[in-house]
Each structure stands twice: as structure tokens, then as C-alpha cells.
Amino acid sequence: MFELEPSEELAILVETARNFADGQLTAQAREHEAARSPNAAALSAFAQIGLAGLEVPEASGGAGLGAVARALVGEELGAGDPGAALALDSLGPVAAALLELGGESAFSELAEPLLEVPGSRAWLAAPGDATLVRDGGRVRGVVPWVPAERVDLLLVLEPEGAFAVTEGIDVRSLPGAGLRAAGAAELHLEGAPAVALRADAAASARALGRARLHANGLLLGVLRQAVEFASGYAQERVAFGRPIAHHQALAFLLTDMRMAVDGARWLLWEAAWRADAGLDFAGSAASAFVEAVEASRLVGPAAVQVLGGHGFMQDYPVEKSMREARVLGLLFGGIDAAREDAGRAWLAADLPLAFSHGEVL
Amino acid sequence: MDFEVPSEVRERLADVREWGKAAVRPAGLEADRNGAPLPVDHPYFVSCLERGEGCTRWPGIGRKARPSQPGATVRTLLLAEELAYWDRGVIIASPGPGLPEGNVLSMGTDEQRERFLGPFLEPDRPRWACFAMTEPGAGSDAAAIRTVARRDGSHWILHGAKCFIGNASRADWILVQATLDPEKGRSAQRAFFVENGTPGLGPFKIEKKMGLKAYESTSFGLEEVRVPDSHLLGGEARYERSAGFKTAMATFNAGRPVIAANAVGIGRAALDEAVAFAREHDRVEDPRVRDRIETMARRLKLARLVCLRAGWLADRQRANIVEASMSKALAAQVGQEATALGMELLGLVGGRGDHLIEKLYRDVKAMDIVEGTGQIQRMIVARQLVGLPRDRG
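First, a word on scope: everything that follows refers to the structure included in this document. (Residues numbered from 1 in each chain as written. Chains lettered and ligands numbered in written order. Predicted model: local features only at pLDDT ≥ 70, side-chain atom pairs only at ≥ 80, totals over all residues. Heavy atoms only, no water.)

1. Quick word on the overall build of chain A
For clarity, the cut-off: Comment: elements are numbered from the N terminus, with helices defined as DSSP H or I runs of at least four residues and strands as E runs of at least two. The reference for a compact globule is 2.2 Å times residues^0.38; the radius of gyration itself is calculated from the C-alpha atoms. Think of it in three bands: with a 1.4 Å probe and only protein chains considered, a residue is buried below 20% of the maximum accessible area for its type, exposed above 50%, and partly exposed in between. Two residues qualify as a contact provided that any one of their heavy atoms is within 4.5 Å of a heavy atom in the partner residue. Only the protein chains shown count as cover for residues, and the accessible areas themselves come from Shrake-Rupley with a 1.4 Å probe. Working convention for charge: Lys and Arg count positive, Asp and Glu count negative, and His plus the chain ends are omitted. Taken as the charge centre is NZ of Lys, CZ of Arg, CG of Asp or CD of Glu, depending on the residue.
Regarding its fold elements, chain A presents 12 helices and 10 strands. Taking 21 Å as the expected radius of gyration for a compact globule of 361 residues, we find that chain A reaches 20 Å, a close match to that expectation. Counting the 361 residues in chain A, one finds 58% classified as buried. In chain A, once contacts between residues fewer than 6 apart in sequence are set aside, the share between residues at least 24 apart is 75%. Counting every atom, chain A has about 13,500 Å² of accessible surface; 53% of that belongs to carbon and sulfur. When the 27 basic and 47 acidic side-chain charges of chain A are each reduced to a single mean position, those positions are 6 Å apart.

2. Some details on unusual backbone geometry
What is expected of a backbone is that most residues other than glycine have negative phi and most peptide bonds are trans. All names here are of chain B. For the bond from Gly202 to Pro203, the omega torsion is -5°, close enough to zero to count as cis. Locating Pro203 in the fold gives a position in the loop between β5 (189–195) and β6 (205–206). Of note, the phi angle at Phe164 is positive, near 55°, even though the residue is not glycine. Here Phe164 is to be found in strand β3 (residues 155–166). Phi at Leu212 takes a positive value of approximately 50°, unusual for a residue other than glycine. Tracing the backbone through its elements, the reader meets Leu212 in the loop between β6 and β7 (217–228).

3. Examining the nonpolar core
To be explicit about the condition: In these notes, a set of buried Ala, Val, Leu, Ile, Met, Phe, Trp, Tyr and Cys residues joined through side-chain atoms within 4.5 Å is what counts as a nonpolar core.
Ranked by size, the top nonpolar core spans 246 residues in total, and within it A:Leu154 and B:Tyr44 carry the most contacts. The greatest single-element share of this core, amounting to 17 residues, is contributed by helix α8 (residues 248–277) of chain A. Apart from the residues within four sequence positions on either side, B:Tyr44 is in contact with B:Trp19, B:Ala23, B:Val24, B:Ala27, B:Leu38, B:Val90 and B:Ser94.

4. Looking at the sheet that holds strand β2 (residues 131–135) of chain A
Residues and elements named next belong to chain A. How we decide: Following DSSP output, two strands are said to pair if at least two bridges run between them. Axes, fitted as lines to C-alpha atoms, cover a helix only where it is in contact. Angles between the N-to-C directions of the axes lie from 0 to 180 degrees.
If you walk across this open sheet you meet the 4 strands as β2-β3-β7-β6, and the pairing is antiparallel. The sheet is open, and its two borders are formed by β2 and β6 (169–173), each paired with just one other strand. Sheet twist, expressed as the mean angle between neighbouring strand axes with direction ignored, is 15°. Note: strand β3 (residues 138–146) against strand β7 (residues 185–193), 7 bridges, orientation antiparallel. The partner of Val139 across the bridge, within β7, is Ala192.

5. What to know about the pairing of strand β5 (residues 161–165) of chain A
Residues and elements named next belong to chain A. With 5 of 5 residues buried, β5 is to be regarded as a mostly interior element. Burial of β5 is two-sided: the residues Gly161, Phe163 and Val165 facing one way and the residues Ala162 and Ala164 facing the other way are all buried. When strand β4 (residues 153–158) meets β5, the two strands line up antiparallel, connected through 5 bridges. Opposite Leu155, over in β5, you have Ala164 as the bridge partner. Hairpin connection, β4 to β5: the antiparallel pair is bridged by 2 residues.

6. Some remarks on the packing of aromatic side chains
Threshold: Working definition: a ring pair exists when centres of Phe, Tyr or Trp rings (six-membered ring for Trp) sit within 6.5 Å. Plane angles under 30 degrees give stacked, over 60 give edge-to-face, the rest tilted. Counting as a charge over the ring demands two things of the Lys NZ or Arg CZ atom: a distance within 6 Å of the ring centre and an angle within 35 degrees of the ring normal.
All chains considered together, the criterion is met by 16 aromatic pairs over all chains. When the ring of A:Phe229 is compared with that of A:Tyr316, the centres are 6.0 Å apart and the planes differ by 65°; the resulting orientation is edge-to-face. Residue A:Phe229 is found in helix α7 (residues 201–236), and its partner A:Tyr316 is found in the loop between α10 (309–312) and α11 (318–328); the two are separated by 87 residues along the sequence. The class for A:Phe229 is partly exposed, based on a relative accessible area of 25%. Measuring from ring centre to ring centre gives 5.6 Å for A:Trp273 and B:Phe3, while their planes differ by 55°; the resulting arrangement is tilted. Taken together, the residues A:Trp273 in helix α8 and B:Phe3 in the segment before α1 (7–34) connect one chain to another. What links up through ring pairs into an aromatic cluster is the set B:Trp19, B:Tyr44, B:Phe45 and B:Trp128. Just above the ring of B:Tyr215 sits the side chain of B:Lys209; from NZ or CZ to the centre is 3.5 Å.

7. Here we look at the packing of helix α1 (residues 8–25) of chain A against helix α3 (residues 40–49) of chain A
Think of two packed helices as two axes; the pair is described by the angle between the axes and how far apart they sit. All names here are of chain A. Here is the rule we go by: Oblique is the label for every angle not falling under 35 degrees (roughly parallel), over 145 degrees (roughly antiparallel), or within 65 to 115 degrees (roughly perpendicular).
Direction vectors running N to C along α1 and α3 enclose 170°, while the axes themselves pass 11 Å from each other. Classified by the angle between their axes, α1 and α3 sit roughly antiparallel to one another. Contacts between α1 and α3 involve Thr16, Phe20 and Gln24 on the former and, on the latter, Ala41, Ala42, Ala45, Phe46 and Ile49.

Take a look at the structure:
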């Protein structure tokens, strides 16, 4: 039955995530950004509410939830602070991706150890993210940027497979353009041992799709927050005798920003639903990511624009939103790789949007 | 959360698809080539009746209306998309009580339903009705209409002019929106049934359009047209209780996501043609071609989901003002983008004037104009989101 609302169970989860973001992330965002890490209170509160184990299989002590849950929670945490959201969650985008690649056995072998180590981080490099060369069981090369101060597990996706690196990762700190609450670093691998995963092209594509959904949820939250902040500001700020939101040029801009975010949300939710329903979802996830990144190109800068000079100042959050949104859109191959994958997926269908399948699209 | 379309709806869509391919699109192409609306005696219209279309939803005197099915609006939107995929102009040309039916059902008296919808219960021939709001000086600003209604004993006299009215010259009756006092704005507006052939109604001028040629968009005068009291929609007492303008706006509200779905359907037709063209010319490996197709498909899917969201809210009797207007603003824009990208993909073939995408490019433009332009939709959304005041200044 066609139903566009999350289940009651998920609604409670969303509420939990929203309360956490309101209490521990939003007001602390500048502090976390400066410290390049969430504070101790946020870390301990996050551990208590159980959001860290979202995709962790129940066998490994997690909630075993899927992509819809991740998208919904990601939006709430992203609206608070996407950098902190990444830092708080050891496994981050790697959890769901690893499950696609190696199932629960790979998960318990590679990921579970991180759950025992406070502050540990896992990251994922998609094809094109890095110049990594695998030579036998060793890997060399550079990942130019990861939003992390340490990396305990690096999952590397290749077009036809995947491998993992757990040691020999040289982490060199960077200033970071955005997501600084998660830290920023360049990774150097000089013959680090690579653990091959038994994965084919399809599994690799699904893993990448999962990672895109993860980033997409956070990105959507950033964009939502930017629109809400700019809309609120524009109703307060008076120029030429009326709130600036009531000048039609800005009223329409704010409307277009809101439309862009709402539209992107539907593509994300549909792709996430497909993943949970066991349908092909890699193309949909790529498409949703393209849309969110395109939306961010409007919303990020426009939110700053609405605030004018104030928007440019770090006293307001919109400049941060603009930076965070921009760099979230660079992750996991960025928009070009997503567009490529989405385009190929559409063209693999006989009639791309016909109602020939057992679903909307 | 579940995006699956119920199997009953999918079956209906498959049926529409067959019908669309066999009858709807050929009729639309014919009208486009001829540059004129399908004539009243066109066999397509007879075949509509044979399919059981062109009838009223009104069950007849003393009969109970069928309760609306769960998900009825979502279903309607999916069908509206599929029908427009085949030819949106032909759908509007199709016989039936059309746009004013909802108003007559919700506001009309029993006598009015029997008189004006009765002939549509089992129509003996293709019959049409239409709703006339737009005027040369009142498009999106529907409160500005100047067609005047004045009392004359037990009758009303209507005087003014209407334009761009769908199916007007072939309609059995026209529901005409008029004002008792142009200075009093929306609350002074009323709707009147004017039967075809009433002295003073006409002449009908069938406009030449850029696209959607299959149905007539007609302008006409109302020269001291005399109608009895009983032709005031809902009767006089009704207006003492509520403002007249709301009637018209209610119709518009229900219609927005349908227009949006139409735009998606037209855009999707362009997408399929573009994909076929790219395959035929062995260009699917060209990244520029693939990127255009990716954009078309992604944006159309998005617009579809935004439409369905508006419908889903309506099915739950939840407020959908923002979503309905957003769907219309967005889908019309997306439809235009998709057809324009399709034209780019065709290259010079798009300039020939005989490719379906070229027709769709012309057709879809109207989706950003009818039932409130994209700008009007943004104003409606902005009122809700940032409290944009209604009045100028």
C-alpha cells in the first residue's frame, strides 16, 4: 500500500535523533568545529541513545535497521552538525557498505572491533576518490581528504570488488574545508596490507549506493537547516520597510530553496525504501545523490545570500552550512560518478519511468 | 513507508497505456498536424463513450454516491500522468462534464444536478460542459473578473467576456463565473449555468494555440445574457452563508496536482522518445547524451513523487496547500526542462517540426500557466512558508 510516512517505530527514532541534535549538536557546532571533535558530553549522550548501532546487525548487538532509518536519522543529525554526526559514529558509512560486501561475517571480523574502541573511525573510499594501487596483498597511494582525525578501518571500493585496510594508514592532519567537527586528514598508504573482500561488481555498486545514501541523509539535514534558518531570519530582518522575506525576489528564492530540499528528500526516501525492500537501488541512490548535490548548489550559497553580510560572518550558521553541504557532495565519487552511475542505470531500463515493475519507479 | 503502487492501479495503468497508444496519441498527432481541435463528430469521441467514459460521477437522483476508495487521489494522479503521456490535449478534449462537475456536485442544488448532470448519466452522444472563469483582463488574478451579473426580476443578466475556455463552443452548458459588483472582489462572485444557444452568448472564437491543439480554447462574449434564478449555482441562500470566490478556488486547489501530473506525463513521453532516439543513433555511450537523459529521468521521478505526496496528503484529508502548489510549480518546470533537453538531444532533428518531442516541447508550456502560473504557485507557497502578505505594497 502506498504510504509515505515512516512507521511509528521510525518516528520515535527520528524524535530521539532530533532531540539529541537539538540538545547536543546545534548550539555546540562552533565549539565542535574549533575542537575538531564533538565534546565529551555529546559523545557520552550519543552512546547512550543507541544511534551508533543503527545498521549494526542484531547478532553484533546493534539495531539492525536499514536505509530508511539511516536516511531519517541522518537528516536530523545533519541538521544539527554533519561533522559531529560523522565523528560520533565510529563506523559511519562503512557499516552498511560492509554488510553489502561481506555480510555479517565480514562485519564481525572487520567492523565489530571498532565498536569497542571509543573514538575509533572507519571510512570508505569510492573509485575515483583516491589514487590507491593494489599490488598483491599491499596497497599504496593517497586519499586526499577524509573527514576524520584517525582511521582504524578503510574500506576501498573498486569497480569490480573491494578491500579493507586496518593497519599501515598514515594519517596526516589537514585544515579541512568543512565537516571539521569530524576532523580532517590526508591518508597515506605505503604498502599497507589489504584484506580482500569477496565482492563482485554488483556488491561493490550496492556498497557505494549505501555510502551515498548515508551522505545524502546528512546533506539533506544541512540543507533543511539552511532553509529554515534563512527563512526565519528573512521574516525578522526588516529592509525597505518590510521583512525581507516579503520582497518577492526573496520570497520566491526561499520558496525555490524549500522546493529543492523537499524534492531531494523524496528521491532519497524512495531510494532508501528500495534498498530496504530488496529491490535494485544503486541507480536510485546515485540519482538521489545527484539531486541533493544539485539542490545544495542552490541552497548553500542562497542561504548565505539571504543573510547578506551577516551570512558571510561566522556569527551565523549559514556559512558553515554552505561549506558543509559543498564538501558532503564531494564524498564517495562526488556528483560526476553518481551521475555516471545513475545515467547508466536509467539506460539499462527499457522505459525508464514506466509503471512496468511492482513499484512506483 | 511504501512506494509500491497497488496492483489494481497498475492494471488500470496498463489498460490506459493500451488505449493511449491505440487511440489517444494518434488523435493528438492528427489535431496537431491539422492545427485545429478534433471535430465534435470525431470517431475518437464516440470510442470514449464506448469505453464508458464521458459520464458523470453523479449517481442520479435518490442514489447514493459510491464512497471514495482509499488512495483515490494518488490513483487519479497516476492516471492523469499516464493519460498525459499519450496526449494531454486529447484528454482535455474528451467528452464529459469536465471541470465544473466538482462544483456542481459540491454546491449545486438537486434540481441543478438533475438538469445539468442528468444528461451525462448515460450520454446518448458525446457531450461536454465547461467552466468559464478567465477573462482578457483576469488570468491568474481571478478576483479581477469583470463579467457582471445583475438582477432582473426572477432572472439574472450576465454581461462581459471570457477567454481561453476549454470546450466552450461544444459544451451543453457553461458555468460562468461573474461578479455582482466588480469593486467588491471575491465575495461578490457567483457562478451561473448558461446553456448553449442562450441569446447573447457568443460568438465563439476558437483560438490558435502553440500546442495542445486537440481541444478548443475558446473566447466568447456574454451580451446581456438572461438566465433564470434557478441557474445560479447552489441558489441564492448558499451565498448568504459563504463567500462566492471560494467555489472557484476550491476547483483550482484540487486541480493543481493533476496539472502537475500531466506535466510529468508529457515530460516522460519526451524522455522515452529521447532514449529511443539515443539508442537508434547509437549515442548512449556519449556522456553528454547520457547526462541529459539522467537529468530528465531524475527530475521527472522527483516531480512525480512530489505530486504523489500532495495527493497522498489529500487522501488523508490533510492540508496540502503548500504541497499542491509546490507540485504544480515544480512539475511544470521539470516538464519544460525535460522536453527542452529532449530537443537538445535531437539536435537539428528537433528543428524539423515533425518529431514528437518538438510537439511535447510546445504542449508542456501550458502546464506552467493554467490553474495558476508557476509564479502564482510560488506566492501561495511563500504565504505559507514566510508569511508573504496577500496584498501588494
